[in-house]
Amino acid sequence: MTGPTRRFGDLATFAVEIGEIEPYQLRVVDLWAAGKRLTTEDNYAFLPYFINAMRSSAAQVRRRDVRPCPFPGRTPEEIFRLLHADDTEFREQFWFMQWGETVDNVSTYAYLDDDLVIAFAFWRPDHPFPDDLGKVFVARISPDEFVATVEEAADLLGAELVDADPPQ
């Protein structure tokens, strides 16, 4: 079963693109931040897990349960590098969008600095865009816009997951 791709959000900041329905509760889903497609390695989302992970992140941002900037006065790129170099639980407070295998090719941190600041870098040596390796990318989005984008996409995925279930 195929259908048109649906996009929620803005590719330049943060977006979720929902593509083809696949068997066994899978769906093609591409995530974008700062104009970069995060799902370069695996864009097949296992919907029961993926929808819950999306909703959890949206709820976290809605509650403003995202840590404030850990290193005021530094650039988001510097902040990413400082967090990434930290081997303690401190950096785990800033982990963001831990949405399973679709995004396990990127390291992602987020914090609130009026906007939701999402800083990420691709880490796999076989990343399909070698020029991206070693670079830190930054997306700034209003928390409410992030929540709306993620919740709208999760709602569509959830509705289609229910519709796709075979009769018992």
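Please refer to the structure placed before this passage.
Notes on the structure follow. Keep in mind that what you see is a predicted model, and the values were worked out from it rather than measured.

**Focus: the pairing of strand E3 (residues 26-33)**
With 7 of 8 residues buried, E3 is to be regarded as a mostly interior element. With 7 bridges connecting them, strand E2 (residues 14-22) and E3 associate as antiparallel partners. What sits directly across from Ile 21, in E3, is Arg 27. Alignment of E3 against strand E5 (residues 44-46), held across 3 bridges, turns out to be antiparallel.

**Re the environment of Val 147**
Tracing the chain through its elements places Val 147 in helix H4 (residues 143-164). For Val 147 and Ala 59, which are 88 residues apart along the polypeptide, the C-alpha to C-alpha distance reads 7.5 Å. Contacts of Val 147, omitting those with residues within four sequence positions, involve Ala 58, Val 61 and Arg 62.

**Notes on the pattern of salt bridges**
Taken as a whole and assessed by the stated rule, the structure comprises 11 salt bridges. Put simply, Glu 17 and Arg 7 hold a salt bridge, and the shortest N to O gap is 2.7 Å. With Glu 17 in strand E2 and Arg 7 in strand E1 (residues 6-10), the pair connects residues that are 10 residues apart, well separated along the chain. Taking the relative accessible area as the measure of exposure, Glu 17 reaches 12% and is therefore buried. A residue is classified by how much of its surface remains accessible, and Arg 7, at 47% relative accessible area, is partly exposed. Put simply, Asp 65 and Arg 63 hold a salt bridge, and the shortest N to O gap is 3.3 Å. Take Arg 63: its relative accessible area is 55%, and that puts it in the exposed class.

Reading guide: rules and limits
- The residue numbers shown here count from 1 along each chain, following its written sequence.
- Selection of residues for local features in this predicted model requires a pLDDT of at least 70, selection of side-chain atom pairs for listing and counting requires 80 or more, and totals for whole chains, interfaces and linings are taken over all residues.
- Side-chain numbers come from the whole structure's heavy atoms, not from hydrogens or water.
- Residue exposure (1.4 Å probe, protein chains only): buried if accessible area is under 20% of the type maximum, exposed if over 50%, otherwise partly exposed.
- Here a helix means four or more residues in a row that DSSP labels H or I, a strand means two or more in a row labelled E, and each is numbered from the N terminus.
- Strands were regarded as paired on the criterion that DSSP finds at least two bridges between them.
- Any two residues having at least one pair of non-hydrogen atoms within 4.5 Å are treated as being in contact.
- By definition, a salt bridge exists where a carboxyl oxygen of Asp or Glu is found within 4 Å of a side-chain nitrogen of Lys or Arg.

The values are spatial; any link to function lies outside them.
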